[in-house]
Amino acid sequence: MLVLVLDSSTPAVTAALAEITDDVRLLASRRTVDARAHGELLSPQIAACLAEFGATAADLTAVVAGLGPGPFTGLRVGLVTAASMAHALDIPTYGVNSLDALGHAAGTDLAGTDAATGPVLAATDARRREIYWAVYAAGGRRLTDPAVGAPAAVAGALAGLGVTTAVGDGALRYAEPLGVPVRPEPRYPDALPLARLAADRVRTAVPTEPLTPCYLRRPDAVAAAGRKPVLQ
């Protein structure tokens, strides 16, 4: 099963091809960190992955996409691309929370050599001096719902959850107010854990899912409440 994996929830624009059988492995991948060029980068990266593996879009059996949380514009690029391709190819789409990809990668590692260190915080940059965050146990099981907040406020919640380490770009940016050690990797949601978290649905051919973005807050731009009078 050849699966396209996309994520545009962070400044890292990610596209990859994964093969899902009894195991999951990446066949080709591209990542470029540029918060202002999601729309320009994603399609060429998809084409490059297909060309590297010698495949065409017609060979795809499903599309997996990171649902965020993330800023509106960048996140929409990945989800619209995923939905459009899947519709054109008549293949299913499967969504994965992008924080879960970070938490799965870090939690799987914790379940190995560092299981005694306790739960891990996964955090991405939400701008406005805030982070998107959730806490994960060893093995990648999510312990808290995804949320958005100021790092100092999040730090108070972490103490009660026993968090001893953190991962993600948001954690790296706000390590001091968070007050927990931060690992340099994973910094952004990676294609491999995204594919792994969707693998069972792909294998069993679960019906296509709507790719509902996880925004967690209202957009900066809103429609005007009413028309302004031309004459005073």
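Procedures and definitions
Residues numbered from 1 in each chain as written. Predicted model: local features only at pLDDT ≥ 70, side-chain atom pairs only at ≥ 80, totals over all residues. Heavy atoms only, no water. Helix = DSSP H or I, 4+ residues; strand = E, 2+ residues; numbered from the N terminus. Buried < 20%, exposed > 50% of the residue type's maximum accessible area, 1.4 Å probe, protein only. Contact = heavy atoms within 4.5 Å. Areas by Shrake-Rupley, 256 points an atom, 1.4 Å probe, with all protein chains shown as cover. Phe/Tyr/Trp six-rings, centres within 6.5 Å; stacked < 30°, edge-to-face > 60°. Expected span 1.5 Å × (residues − 1). Pairing = 2+ DSSP bridges. Axes fitted to C-alpha atoms, helices over the stretch in contact; angles between N-to-C directions. pLDDT = per-residue confidence, 0-100. Core = buried A, V, L, I, M, F, W, Y, C linked by side-chain atoms within 4.5 Å.

**Observations regarding the overall build of the chain**
Thought 1: Of regular secondary structure, the chain possesses seven helices and nine strands.
Thought 2: The burial tally for the chain puts 50% of its 232 residues in the buried class.
Thought 3: In the chain, 64% of the contacts between residues at least 6 apart in sequence involve partners at least 24 apart.
Thought 4: As displayed, the chain offers around 11,100 Å² of accessible surface, 55% of which is attributable to carbon and sulfur atoms.

**Here we look at the packing of aromatic side chains**
Thought 1: Under the counting rule described, the total for this entry stands at one aromatic pair.
Thought 2: Geometrically, the ring pair formed by Phe72 and Tyr215 is stacked, given 4.1 Å between the ring centres and 20 degrees between the ring planes. Of this pair, Phe72 sits in helix 2 (residues 72–89) while Tyr215 sits in the segment after helix 7 (191–203), and the two are 143 residues apart along the sequence.
Thought 3: Judged by relative accessible area, which is 16%, Phe72 ranks as buried.

**A few points about helix 1 (residues 38–53)**
Thought 1: Taking 1.5 Å as the rise per residue, helix 1 with 16 residues should run 22 Å; its terminal C-alpha atoms sit 23 Å apart, in good agreement.
Thought 2: Packed against the buried residues of helix 1 are strand 1 (2–7), strand 2 (12–20), strand 3 (24–33) and helix 2.
Thought 3: Positive phi appears at Gly54, one or two residues downstream of helix 1, with a value of about 75 degrees.

**Details of the sheet that holds strand 8 (residues 147–149)**
Thought 1: The strand order across the open sheet formed by four strands is 8-7-6-9, and the pairing between neighbours is mixed. Both edges of this open sheet fall to strand 8 and strand 9 (165–167), since each of them pairs with a single strand only. For this sheet the average axis-to-axis angle between neighbouring strands, irrespective of direction, equals 35 degrees.
Thought 2: Together, strand 6 (120–127), strand 7 (130–136) and strand 8 form the strand contacts of helix 4 (residues 151–161), whose direction differs from that of strand 7 by roughly 10 degrees.

**Considering the confidence of the model for the chain**
Thought 1: This prediction gives the chain a mean pLDDT of 91; 90% of its residues lie at or above 70.
Thought 2: Note that residues 111–116 has pLDDT below 50 and, in this model, five contacts with residues that lie over four places away or in other chains.

**A word on the environment of Pro11**
Thought 1: Tracing the backbone through its elements, the reader meets Pro11 in the loop between strand 1 and strand 2.
Thought 2: Looking at Pro11, the relative accessible area reads 18%, which means it is buried.
Thought 3: In contact with Pro11, other than residues within four places in its own chain, are Thr32, Val33, Asp34, Ala35, His38 and Tyr188.

**Digging into the side chain of Thr124**
Thought 1: On the secondary structure map, Thr124 appears in strand 6.
Thought 2: In contact with Thr124, not counting residues within four places along its chain, are Thr10, Pro69, Leu99, Leu102, Glu130, Ile131, Tyr132 and Gly170.

**Regarding the environment of Arg129**
Thought 1: Along the chain, Arg129 turns up in the loop between strand 6 and strand 7.
Thought 2: Taking the C-alpha atoms as reference points, Arg129 and Ala150, separated by 21 residues in sequence, lie 6.4 Å from one another.
Thought 3: Setting aside residues up to four positions removed in sequence, Arg129 forms contacts with Ala150, Pro151 and Tyr174.

**Focus: the nonpolar core**
Nonpolar side chains tend to gather and get buried jointly when the protein is soluble and globular.
Thought 1: Within the largest apolar cluster, 26 residues are counted, with the highest numbers of intra-cluster contacts made by Leu4, Leu6, Leu17, Ile46, Leu60 and Val63.
Thought 2: Counting only elements with at least two residues in this core, the list comes to strand 1, strand 2, strand 3, helix 1, strand 4 (62–66) and helix 2.
Thought 3: The element best represented in this core is helix 2, accounting for six residues.
Thought 4: For Val63, the contacting residues outside a window of four places in its chain are Leu4, Leu6, Ala82, Ala86, Ile91, Pro92, Thr93 and Tyr94.
Thought 5: Residues Val3, Val5, Tyr94 and Ala191 belong to the second largest nonpolar core, which totals 17 residues.

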